[in-house]
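Residue-level structural notes
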Amino acid sequence: MSISTVNPQIEESWKKVLADEFRADYFSTLKSFLIEEKKRYTVYPPGEKIFAAFDHTSFESVRVVIIGQDPYHGAGQAHGLCFSVPQGIRKPPSLVNIFKEIRDDLGFDIPEGGNLEKWARQGVLLLNATLTVRANTAGSHQNKGWEQFTDAAITKLSQMKTGLVFLLWGNYAIAKKALIDPGRHHILTAVHPSPFSVHRGFFGCRHFSKTNEILRKQEKAEIDWKIE
């Protein structure tokens, strides 16, 4: 379990920004819960991937934030980035719908794979609110402390940076608006890309071109949303 509260295995800039969280009582309780879970169940993602969103996108490099709720709970799917799956893993329906919107918005073909590490390397923080899950049991690690930790990360981004673009899809993510200063940042909201809601306003939201327009106006590099 790569989650020591003394020396957490997380990218260095985030380790500094979130130092108080790693020392907090709730985080010790969370760590104990995870240790017990791993004794009895399979937990996703693997321990070294729990903080992958932070490891791929340093605090300094964040320009865009996409917030998910829970890691995928099927075998081999979760690798620490919200909505993303490793190469060779079948794309879940919500991710397919994200690629359909990118196709319609920007003209890119829907890719074979669904690994979004390319986005993360460009400063897109792909953050799930809950960073772990029990195999085949959606939501099983909610309300154990992860939300307090990831809320702290969102709050630090809001307070310490300016001009970020937050993409909030679905009611759960939209509720995180309360943590974000709209005077300092740009917030784009839409329904969730799930097949159950995608036709109620995710298709046609054009969040990907709108994000690049916002970055361009700030004289920042645009995101290359194309996945091969």
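Attention here is on the structure that accompanies the text. (Residues numbered from 1 in each chain as written. Predicted model: local features only at pLDDT ≥ 70, side-chain atom pairs only at ≥ 80, totals over all residues. Heavy atoms only, no water.)

Taken as a whole, this structure holds 19 aromatic pairs when the rule is applied. Centroid distance Phe-22 to Phe-27: 5.0 Å. Interplanar angle 75°. Geometry classified as edge-to-face. You can call Phe-27 buried: its relative accessible area is 0%. Among the aromatic residues, those joined into a ring-pair cluster are Trp-14, Phe-22, Tyr-26, Phe-27, Phe-51, Phe-54, Phe-59, Trp-146 and Phe-149. Arg-134 extends its terminal NZ or CZ atom over the ring of Tyr-41, reaching a point 3.8 Å from the ring centre. Here Lys-161 stacks its cationic end above the ring of Phe-59, 5.4 Å away from the centre of that ring. (Phe/Tyr/Trp six-rings, centres within 6.5 Å; stacked < 30°, edge-to-face > 60°. Buried < 20%, exposed > 50% of the residue type's maximum accessible area, 1.4 Å probe, protein only. Lys NZ or Arg CZ within 6 Å of the ring centre and 35° of its normal.)

Moving on to the environment of Asn-143. With respect to the helices and strands, Asn-143 occurs in the loop between strand S4 (133–134) and helix H7 (146–160). Residue Asn-143 is classed as exposed on the basis of its relative accessible area, which comes to 69%. For the pair formed by Asn-143 and Thr-130, sequence separation is 13 residues and the distance between their alpha carbons is 8.4 Å. (Helix = DSSP H or I, 4+ residues; strand = E, 2+ residues; numbered from the N terminus.)

If you walk across this open sheet you meet the four strands as S3-S2-S5-S6, and the pairing is parallel. The sheet terminates laterally at strand S3 (124–128) and strand S6 (186–190), the two strands that pair on one side only. Direction aside, neighbouring strands of the sheet carry axes that sit 20° apart on average. (Pairing = 2+ DSSP bridges. Axes fitted to C-alpha atoms, helices over the stretch in contact; angles between N-to-C directions.)

A complete count under the given rule lists zero disulfides for this structure. There is no disulfide at Cys-205, and the cysteine sulfur nearest it, in Cys-82, is 14 Å away. For Cys-205, a relative accessible area of 7% corresponds to the buried category. (Disulfide = S-S within 2.5 Å.)

What follows deals with the packing of helix H5 (residues 93–106) against helix H9 (residues 207–217). Here H5 crosses H9 at 60°, and the two axes come no closer than 8 Å. Classified by the angle between their axes, H5 and H9 sit oblique to one another. Along its contact with H5, which presents Ile-98, Glu-101, Ile-102, Asp-105 and Leu-106, the element H9 presents His-207, Phe-208 and Ser-209. For the contact of H5 with H9, the per-class residue count stands at four nonpolar, two polar and two charged. (Parallel < 35°, antiparallel > 145°, perpendicular 65-115°, else oblique. Contact = heavy atoms within 4.5 Å. Nonpolar A, V, L, I, M, F, W, Y, C, P; charged D, E, K, R; others polar.)

Its location among the elements puts Asp-70 in the loop between strand S2 (64–68) and H5. Given a relative accessible area of 18%, Asp-70 falls into the buried group. Here the alpha-carbon distance between Asp-70 and Leu-127, two residues 57 residues apart in the chain, equals 9.3 Å. The residues touching Asp-70, leaving out its near neighbours within four places in the chain, are Asn-128, Thr-130, Thr-132, Val-133, Ala-138, Gly-139, Ser-140 and Gln-142. From its side chain, Asp-70 meets the backbone nitrogen of Gly-139 in a polar contact 2.6 Å long. (Polar contact = N/O pair within 3.5 Å; in protein donor to acceptor, adjacent residues only side chain to side chain.)

Right, let's talk about the pattern of salt bridges for a bit. In the structure shown here, the tally under the stated rule is eleven salt bridges. Between Arg-121 and Glu-117 there is a salt bridge, with its nearest N and O atoms 3.9 Å apart. Note that Arg-121 and Glu-117 are positioned in helix H6 (residues 117–121) at a spacing of four residues, about one turn of the helix. Note that Lys-118 and Asp-224 form a salt bridge whose closest N and O atoms lie 2.9 Å from each other. Of this pair, Lys-118 sits in helix H6 while Asp-224 sits in the segment after H9, and the two are 106 residues apart along the sequence. Judged by relative accessible area, Lys-118 falls into the partly exposed class, the value being 23%. (Salt bridge = Lys/Arg side-chain N within 4 Å of Asp/Glu carboxyl O.)

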